[in-house]
Amino acid sequence: MDDATRISRRDLIGKLVAAATAVAAFAGLRARAKAGTIDQQTAHYVSHPTFGNTCSGCVHFISPDSCQIVAGTISPHGSCKYYSPKMP
Ligand code: SF4
């Protein structure tokens, strides 16, 4: 094995470690984003639309079934008092 091959493997390993670190960081951010802290009762969450507003149209909704601010499983067809429409 020549030096060029060793450097190439070292670079590859470095890139794999960097990629794994990035994936782990993204997963951590995603897990934290899923952890809404306001309970559903306080948010007046209901599992049906209110005045035509649905979680799927809210900026806080995380597909498929979470919310950035409200805890627990969130239906895309639900709604709560913190509804904030996505910009078109
Ligand atoms: S309306 Fe928005 S803030 Fe309220 S539970 Fe649904 S996604 Fe979360």
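The sections below set out a description of the structure shown in this document. Everything quoted here is computed from the prediction, not taken from an experiment.

Thresholds, definitions, all that
Residues numbered from 1 in each chain as written. Predicted model: local features only at pLDDT ≥ 70, side-chain atom pairs only at ≥ 80, totals over all residues. Heavy atoms only, no water. Helix = DSSP H or I, 4+ residues; strand = E, 2+ residues; numbered from the N terminus. Buried < 20%, exposed > 50% of the residue type's maximum accessible area, 1.4 Å probe, protein only. Contact = heavy atoms within 4.5 Å. Near = heavy atom within 4 Å. 1 Å grid on protein atoms, 1.4 Å probe; cavity = no way out; pocket = protein on both sides within 12 Å on 5 of 7 lines; lining within 4 Å. Sits in = over half its atoms within 2 Å of the grid points. Nonpolar A, V, L, I, M, F, W, Y, C, P; charged D, E, K, R; others polar.

### Description of the overall build of the protein
Alright, step 1. Counting its secondary structure elements, the protein contains one helix and two strands.
Alright, step 2. Counting from the amino terminus, helix and strand elements in the protein follow one another as α-β-β.
Alright, step 3. Across the 88 residues of the protein, 19% fall into the buried class.
Alright, step 4. Relative to all contacts within the protein whose residues are 6 or more apart in sequence, the contacts with residues 24 or more apart total 70%.

### Quick look at the site of the ligand
Alright, step 1. Close contacts around the ligand come from Tyr45, Cys55, Cys58, His60, Phe61, Cys67, Ile69, Val70, Cys80, Tyr82 and Tyr83, and that covers them all.
Alright, step 2. Placement of the ligand is best described as lying within the largest cavity.
Alright, step 3. Among the residues forming the shell around the ligand, the class breakdown is 10 nonpolar, one polar and no charged.

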